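An overview of the molecular structure
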Amino acid sequence: MAAGPTAPERFRAYGPRQLDDIAARHHLPGEIRETVRRISLVLPFRVNEYVLNELIDWDRVPDDPMFQLTFPQRGMLPLADEELLGKLSADPGDKLLLREAIADIRAGLNPHPSGQQRYNVPHLNGVEVPGLQHKYGETVLYFPAQGQTCHAYCTYCFRWAQFIGDADLRFAVPDPGGLLAYLGAHPEVSDVLVTGGDPMVMTTERLRRHLTPLLAVESVDTIRIGTKSVAYWPQRFTTDTDADDVLRLFEEVVAAGKQLAVMAHFSHPRELETPLARRALARIRATGAVVYCQAPLTAHVNDDAEVWAALWRAELAAGAVPYYLFVERDTGPHEYFKVPLARAADIFQAAYRTLPGLARTVRGPVMSATPGKVVVDGVEDTPQGSFFRLRMLQARDPALVGRPFRARFSSEAAWLDELEPDPSTPADIAAAVRGDTLAERSPA
């Protein structure tokens, strides 16, 4: 492991309370500042010095993609809701009404899409196991409580409900006891995804408490860490006081015979342009970990084939693996960020055609929907009309994995439930898409 730089930079997060300071420093117009203030009453807002100083082009605000990615924007909520928030927040006497309005608006934003709470929470001996999700047979998601925040928040985040302080909406568990018990009862699970939030906000000491016990579980072959830290705070792997410690922990995981997969979230090529980000990736890879890259296709940020082609090429050049282009999930400010599936397929294919072979590991556009991961392979024209060519890339029911089907073409559809499956669709796939075969995860 190569030695890192020796000049640590202290991490400091900025939220709604520091908005006036941010506005003054970066000459943010008053109208934009007020929009951010209002919408951040509902949707989480957090940035840091690295994002502010290295990623955002303040001369292009508000159209700059990194500003769109990290600062709430007009249009993310209906105008009537934004005006109501402005009115109620201006009068201290309306605090109760404001809290009620915020709760109502959040409830209408589909805080847990794709049946996360209803279908994904596993049971052990008839009792729910908190802080876990088990959607696909071989993979369990694990949410350590100390990692349920991020160095900065993406405005499109489908896990926004983790960050608003509502315990009823939050997945979190303080220690891996329940996970270990569940893995003991389910040896078919070979892959544990440690997620959040972002596990890399934890100190190495805390992260070690969650990872080290997994090294003794023989049935676990792969440990994944879902993180945006390389993009939003690469100092975590370069100059933080325990940067070397976390890389040693990664080495220990690999030395124990486990594959360590760092699932890095990059939404725009600019996130890979800084020397710190490239250095962070090099240090991670030197531990023996493999870096896989994924992000959703989102309007106002990266809905452009040239942007994706540049991103995937930059990932490949950094030694990382382009993995997934996701369709923006139907939650939070979905109307603001959604891209119709037809356009998403065009963007993906236009970018994919320009790539060298080693970058064609990427898959997309992929909907991580209730029945599973559904990829849009393209559009076909027939004498009977136009159809989306779809495929179950992953599924709750393993018998569906890899199988193709069709749905009638729609220029406006942006999610699976807006599509009409072709009558020739196999009955089991059609039933899964309709939700007929879904049930709460049965106790084990």
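Higher on the page you've got the structure.
Summarised in this report is the structure supplied together with it. (Residues numbered from 1 in each chain as written. Predicted model: local features only at pLDDT ≥ 70, side-chain atom pairs only at ≥ 80, totals over all residues. Heavy atoms only, no water.)

1. Structural notes on the overall build of the protein chain
In terms of regular secondary structure, the protein chain is built from 16 helices and 15 strands. Here the C-alpha atoms of the protein chain give a radius of gyration of 22 Å, agreeing with the 22 Å that 2.2 N^0.38 yields for 444 residues. Principal-axis analysis of the C-alpha atoms gives the protein chain an extent of 60 × 55 × 50 Å. Within the protein chain, buried positions represent 56% of all 444 residues. Of the contacts made within the protein chain by residues no fewer than 6 positions apart, 74% connect residues no fewer than 24 positions apart. (Helix = DSSP H or I, 4+ residues; strand = E, 2+ residues; numbered from the N terminus. Rg over C-alpha atoms; globule rule 2.2 N^0.38 Å. Buried < 20%, exposed > 50% of the residue type's maximum accessible area, 1.4 Å probe, protein only. Contact = heavy atoms within 4.5 Å.)

2. Looking at the pattern of salt bridges
Under the counting rule described, the total for this entry stands at 23 salt bridges. A salt bridge links Arg209 to Glu205; the shortest N-O distance between them is 2.8 Å. On the criterion of helical spacing, the pair formed by Arg209 and Glu205 is a turn pair, its members being 4 residues apart in helix 9 (residues 204-211). For Glu271, the salt bridge identified is with Lys228, shortest N-O distance 2.8 Å. In this pair, Glu271 is assigned in the loop between strand 9 (259-265) and helix 12 (275-286) and Lys228 in the loop between strand 8 (222-227) and helix 10 (229-232), connecting sequence segments 43 residues apart. (Salt bridge = Lys/Arg side-chain N within 4 Å of Asp/Glu carboxyl O.)

3. A few points about the pairing of strand 10 (residues 290-297)
In terms of burial, strand 10 is largely enclosed, as 6 of its 8 residues are buried. For strand 9 and strand 10, the ladder comprises 5 bridges, and the chain directions are parallel. Paired with Val262 across the strands is Val291, a residue of strand 10. The β-α-β motif built from strand 9, the intervening helix 12 and the parallel element strand 10 has right-handed crossover chirality. (Pairing = 2+ DSSP bridges. Right-handed = clockwise from strand over helix to strand, strands pointing away.)

4. Section: the environment of Met200
Tracing the sequence through the fold places Met200 in the loop between strand 7 (191-194) and helix 9. When the C-alpha positions of Met200 and His151 are compared, they lie 8.6 Å apart, and in sequence the two are 49 residues distant. Leave out the neighbours within four places in its chain, and Met200 touches His151, Leu207, Ile225, Thr227, Ser229, Arg236, Phe237, Val246 and Phe250.

5. A few points about the pairing of strand 9
Judged by how many residues are buried, strand 9 sits mostly within the fold: 5 of 7 residues are covered. As defined by bridge partners, strand 8 adjoins strand 9 across 6 bridges and the pair is classed as parallel. Pairing of Arg224 across the sheet is with Ala261, part of strand 9.

6. Some words on the packing of aromatic side chains
Enumeration over the complete set of coordinates arrives at 17 aromatic pairs. Both rings, one in Phe45 and one in Phe71, keep their centres 5.0 Å apart while their planes meet at 50°; by these two values the pair is tilted. Of the two residues, Phe45 sits in the loop between helix 2 (30-39) and strand 2 (47-48) while Phe71 sits in the loop between helix 4 (65-70) and helix 5 (79-90), which places them 26 residues apart along the sequence. Across the pair, exposure class does not vary: Phe45 and Phe71 are buried alike. A ring pair is formed by Phe237 and Phe250, whose centres lie 6.3 Å apart and whose planes are at 45°; its orientation type is tilted. In this pair, Phe237 is assigned in the loop between helix 10 and helix 11 (243-255) and Phe250 in helix 11, connecting sequence segments 13 residues apart. (Phe/Tyr/Trp six-rings, centres within 6.5 Å; stacked < 30°, edge-to-face > 60°.)

7. Quick notes on the packing of helix 2 against helix 5
Remark: helix 2 packs on helix 5, axes separated minimally by 9 Å, with the N-to-C direction vectors making an angle of 90°. In terms of orientation, helix 2 lies roughly perpendicular with respect to helix 5. Note on element contacts: helix 5 touches helix 2 through Glu82, Glu83, Leu85, Gly86 and Ser89, opposite Thr35, Arg37, Arg38 and Ile39. (Axes fitted to C-alpha atoms, helices over the stretch in contact; angles between N-to-C directions. Parallel < 35°, antiparallel > 145°, perpendicular 65-115°, else oblique.)

8. Structural notes on the environment of Ala431
Residue placement: Ala431 occurs in helix 16 (residues 427-434). Take Ala431: its relative accessible area is 10%, and that puts it in the buried class. For the pair Ala431 and Pro371, spaced 60 residues apart in the sequence, the C-alpha separation amounts to 9.5 Å. Contact partners of Ala431, with chain neighbours within four places excluded, come to Asp436 and Thr437.

9. Focus: the sheet that holds strand 6 (residues 139-142)
Paired through backbone hydrogen bonds, the strands of a sheet run either parallel or antiparallel to each other. Sheet architecture is open: 11 strands sit in the order 5-6-7-8-9-10-11-12-13-14-15, paired in mixed fashion. Pairing within the sheet leaves two strands with one partner each, and these edge strands are strand 5 (132-136) and strand 15 (404-408). With direction set aside, neighbouring strand axes in the sheet form an average angle of 30°. Relative to the sheet, helix 11 contacts strand 8 and strand 9, its axis offset from that of strand 9 by approximately 135°.

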